[in-house]
Amino acid sequence: MALSPEQQEVIEKAREDEVRFINLQFTDIHGTVKSVGLPAHRLPEVLEKGSWFDGSSIQGFARIQESDMVLQPDPATYQVLPWKAPERRTARLICDVMQPNGDPFPGDPRYILRRAVERAAELGFSYNCGPELEFFLLQKRNDELRPVPHDVAGYFDFSPRDLAAAVRDDIVVALSAMGIEVEMEHHEVAQGQHEIDFRYADALTAADNAITFKQAVKAIAAQHDLYASFMPKPFYGHNGSGMHTHQSLFRDETNAFFNADDPYKLSDVAYGFIAGQLHHARALSAVVAPTVNSYKRLVPGYEAPVYICWARINRAALIRIPQYSPGREQSTRAELRFPDTSCNPYLAFAVMLSAGLDGIEKQMTPPEPVEEDVYHFDRSRLQEYNIATLPGSLAEAIEELEADQVLLDALGEHTARLFVEAKKAEWDDYRMQVTEWEIDRYLETL
Ligand code: GLU
Ligand code: MG
């Protein structure tokens, strides 16, 4: 099999960049980056034939009868890792995971997203995502990994003592060297908390970028003797870290969410999409907020959503429609606010898209938007407005996922089963812990 022009180009670039090592990357079902290192001279061979590996010990990959799999590098993802020293210059390639017979492996999160994107394409849509990742920069104290914020600054603060301004600058430089265009970076509300937003892209590229982003942030933080955490809620009583995702559907070059004649400037496609995501919200949460800790973030009072409603201004809503300004039709979008940074972005975008498409296909209509402060609604008010709540725990979320055929189909039988099993095990392990809170509360008093 001859190399394609894109593959040839990768070989050329690697030569020009004087790359010495190649990292072949993919993720497991939890979004953990897995990586295989190779000396650069093997690049032409792995581009042509892929690289064999034993998938049986990767979470979500295990299949007793078929543990051999092939990593097929996607030439479009070639990037030099800018934080590596020149003598160890390394380029990474994100890979698709294939079975020995050449079929895509159904447990590959990237494939699951590709499949959802193809379904959208059959309906004439392309799906764009702009994720906003929040994270904490923390200090190591006595080499122990405890959550100690590195600063005392707050939202949008700038101060010369804000060490993180330099770290954020370095992160922005690294991301742009890797082809990720940053649009904004700022201190977030909590101490030690930051946000860096990059330009939206088609869902697959955006998910690749989110993975690259996390890697870059962790690598650059370490160079400054800090560590970066994407844990959704590291500190009780303070804001957690979200991965709000701005989404739109395009038909050819036109934003299919825009309708000039609607008071919200939203089309029927947008309303169907929003209604679909609201309808599937409780099951979606298992994938977009997939850890025990995620549900410590989704509580009233910290700018993270709890109630299943949509709005224009209200940041407590699950879906927010950013204000339309004339001439900006193309940026009409729906911001989904409950995903967090512990999710696997490939799986998250796949189920988000599938939920939205289901709403469009079934011509669902969303309820009226809710602009009031829902955090302070009591039960009767919630009932009057017919507002449901997100699951209160991972266990509840998993139960919802198990009952949602649309999302199970989006994940595919193999991944749905392994995902649910892994998350149940995670919950069981947590459920049996005796926490510091319980000791403080009960040990002496009971
Ligand atoms: N950190 C908040 C969250 O958990 C969001 C803050 C914001 O609106 O950017 O979602
Ligand atoms: Mg933010």
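Since this is a predicted model, take the numbers as computed values, not measurements.

Topic: the overall build of the chain
- When helices and strands are counted, the chain shows 14 helices and 17 strands.
- At 22 Å, the chain has a C-alpha radius of gyration in line with the 22 Å of a compact globule built from 446 residues.
- In terms of overall dimensions, the chain has C-alpha extents of about 65 × 55 × 50 Å along its principal axes.
- Of all 446 residues assigned to the chain, the portion counted as buried reaches 54%.
- When contacts within the chain are restricted to residue pairs at least 6 apart in sequence, those whose partners lie at least 24 apart make up 70%.
- When the accessible surface of the chain is split by element, carbon and sulfur atoms take 49% of a total near 20700 Å².
- Counting 43 positive and 69 negative side-chain charges, the chain places the centres of these two groups 2 Å from one another.

Quick word on the layout of surface pockets
- Considered as a void within the structure, the largest pocket measures approximately 1000 Å³ in volume.
- What lines the largest pocket is a set of 23 residues, among which K233, Y236, N293, K296 and Y430 lie closest to the centre.
- Sorting the residues of the lining of the largest pocket by element identifies strand 8 (144–149), helix 8 (294–297), helix 13 (413–431) and helix 14 (436–442) as the ones contributing at least two each.
- Per element, the largest residue contribution to the lining of the largest pocket is 3 residues, and it comes from helix 14.
- The residue makeup of the lining of the largest pocket, split by class, is 12 nonpolar, 6 polar and 5 charged.

Topic: empty space enclosed by the protein
- For the coordinates displayed, the defined rule picks out 1 cavity of 30 Å³ or more.
- When its volume is computed, the largest cavity comes out at roughly 60 Å³.
- Lining the largest cavity, in full, are Q25, F26, T27, V33, I94, C95, D108, P109, R110, I211 and Y346.
- Where the lining of the largest cavity is concerned, the elements lending two or more residues are strand 1 (21–27), strand 6 (90–98) and helix 3 (109–122).
- A per-element tally of the lining of the largest cavity places strand 1 first, with 3 residues.
- Residue classes in the lining of the largest cavity are distributed as 7 nonpolar, 2 polar and 2 charged.

About the criteria used
Here the residue index of a chain counts from 1 through its sequence in written order. All chains are assigned letters beginning with A, and all ligands numbers beginning with 1, in the order in which they are written. Confidence filtering applies because this is a predicted model: local features only for residues at pLDDT of at least 70, side-chain atom pairs given and counted only at 80 or more, and all residues used for totals across whole chains, interfaces and linings. Values shown for side chains rest on all heavy atoms present in the structure; no hydrogens or waters enter the calculation. Helix and strand assignments come from DSSP, with helices taken as H or I runs of at least 4 residues and strands as E runs of at least 2, each series counted from the N terminus. Here the globule rule reads 2.2 Å times residues to the power 0.38, and the radius of gyration is calculated from C-alpha atoms. Categorising residues by exposure relies on relative accessible area from a 1.4 Å probe, with only protein chains included: less than 20% of the type maximum marks a residue as buried, more than 50% marks it as exposed, and the intermediate range marks it as partly exposed. The contact criterion used is simple: two residues touch if any of their non-hydrogen atoms lie within 4.5 Å. Only the protein chains shown count as cover for residues, and the accessible areas themselves come from Shrake-Rupley with a 1.4 Å probe. Charge convention: Lys and Arg are scored as positive, Asp and Glu as negative, and His as well as the terminal groups of each chain are ignored. Note that the charge is assigned to NZ on lysines, CZ on arginines, CG on aspartates and CD on glutamates. Only protein atoms enter the 1 Å grid, on which a cavity is a set of points fitting a 1.4 Å probe that cannot get out and a pocket is an open set with protein on both sides within 12 Å along at least 5 of 7 lines, lining residues being those with an atom within 4 Å of a point. Grid points are joined across faces, edges and corners, and a volume is the space filled by probe spheres set on the points. Three categories are distinguished: nonpolar for Ala, Val, Leu, Ile, Met, Phe, Trp, Tyr, Cys and Pro, charged for Asp, Glu, Lys and Arg, and polar for the others, with Gly belonging to the last.

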